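# Structural features, examined
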Amino acid sequence: MATLPVTDATYDAEVNQSPIPVVVDFWAEWCGPCRQIGPALEELSKEFEGKVKIVKINVDNDQQAAAKLGVRGIPALFLIKDGQVVSNKVGAAPKASLQSWIQSAI
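Rules behind the numbers
Numbers given for residues are sequential positions, taken from 1 along each chain in its written order. Given that the model is predicted, a residue must reach a pLDDT of at least 70 before its local features are reported, and side-chain atom pairs must reach 80 or more before they are shown or counted; all residues, however, enter totals for whole chains, interfaces and linings. Values reported for side chains reflect all heavy atoms of the structure, with hydrogen atoms and water molecules removed beforehand. Residues belong to a common nonpolar core when they are buried Ala, Val, Leu, Ile, Met, Phe, Trp, Tyr or Cys residues joined through side-chain atoms within 4.5 Å. Each residue's exposure class comes from its accessible area (1.4 Å probe, protein chains only) as a fraction of the maximum for that residue type: buried when under 20%, exposed when over 50%, partly exposed otherwise. Each helix is a run of DSSP H or I of at least 4 residues and each strand a run of E of at least 2, with the numbering of both proceeding from the N terminus. Contacts between residues were defined by any pair of non-hydrogen atoms, one from each residue, lying within 4.5 Å. Orientation is described by axes fitted as lines to C-alpha atoms, over the contacting stretch for helices, and by angles from 0 to 180 degrees between their N-to-C directions. Note that the term roughly parallel is reserved for angles under 35 degrees, roughly antiparallel for angles over 145, roughly perpendicular for angles of 65 to 115, and oblique for everything else. By the definition used in this description, the sense in which the near helix is turned from the far one sets the handedness, with an anticlockwise turn below a right angle giving left-handed and a clockwise turn giving right-handed. For this scheme, ten residues count as nonpolar: Ala, Val, Leu, Ile, Met, Phe, Trp, Tyr, Cys and Pro. Four count as charged, namely Asp, Glu, Lys and Arg, and the remainder, Gly too, count as polar. Contacts described as polar in this section are N or O atom pairs within 3.5 Å, which, within protein, must combine one atom able to donate a hydrogen with one able to accept it, while residues neighboring in sequence count only if both atoms come from side chains. By salt bridge we mean one thing: a side-chain nitrogen of Lys or Arg within 4 Å of a carboxyl oxygen of Asp or Glu.

## Brief notes about the nonpolar core
- In terms of nonpolar packing, the biggest core is built from 18 residues, with Tyr11, Val15, Val24, Phe26, Val55, Ile57 and Ile80 touching the most fellow members.
- Listing elements by their share of this core, those giving two or more residues are α1 (8-16), β2 (22-27), β3 (53-58), α3 (64-68) and β4 (76-81).
- A total of 4 residues in this core trace back to one element, the largest contributor, which is β2.
- Aside from chain neighbours lying at most four places away, what touches Ile80 is Tyr11, Val15, Asn16, Pro21, Val22, Val24, Leu69 and Val85.
- Listed in part, the 15 residues of the second largest apolar core include Leu41, Val52, Leu98 and Trp101.

## Quick word on the packing of helix α2 (residues 32-47) against helix α4 (residues 95-105)
- Axis separation between α2 and α4 bottoms out at 10 Å; the angle between their running directions is 45°. As far as their axial angle goes, α4 and α2 are oblique. Judged by the twist between their axes, the crossing of α2 over α4 is right-handed. Between α2 and α4, the residues in contact are Ile37, Ala40, Leu41, Glu43, Leu44 and Glu47 and Lys95, Leu98, Gln99 and Ile102, respectively.
- Across the contact of α2 with α4, the residue classes break down as 6 nonpolar, 1 polar and 3 charged.

## Examining the side chain of Lys53
- With respect to the helices and strands, Lys53 occurs in strand β3.
- Overall, the relative accessible area of 11% leaves Lys53 in the buried class.
- A distance of 2.8 Å separates a polar side-chain atom of Lys53 from the backbone oxygen of Glu14.

## Description of the pattern of salt bridges
- The full count for this structure, using the stated rule, is 4 salt bridges.
- With a shortest N-O distance of 2.6 Å, Glu47 and Lys95 are connected by a salt bridge. With Glu47 in helix α2 and Lys95 in helix α4, this residue pair connects regions lying 48 residues apart in the sequence.
- With a relative accessible area of 27%, Lys95 lands in the partly exposed category.
- In this structure, a network of salt bridges that share partners links the residues Glu43, Glu47 and Lys95.

Below is the structure:
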């Protein structure tokens, strides 16, 4: 399973109502660090398939969810379980760091 693009319109259904934990990646096309972690998130979405869903929200197109969560810089990653923020992380990180962050939060 690859990362799933989400919009403000689909956020509630894909994130808050998800039966499994969700990592939300707030990103933008022009953001270098966002593009840097993109491939790692794609790989992790396959590794955690069935356990964790990884979704991406482009903040240039959809700002409501980012505003509700108080996103001030990107990339911003939030781990959400049962509609509640369990953990969050700002900035780029290597795949191994992202993997251990996800595992520690679920």
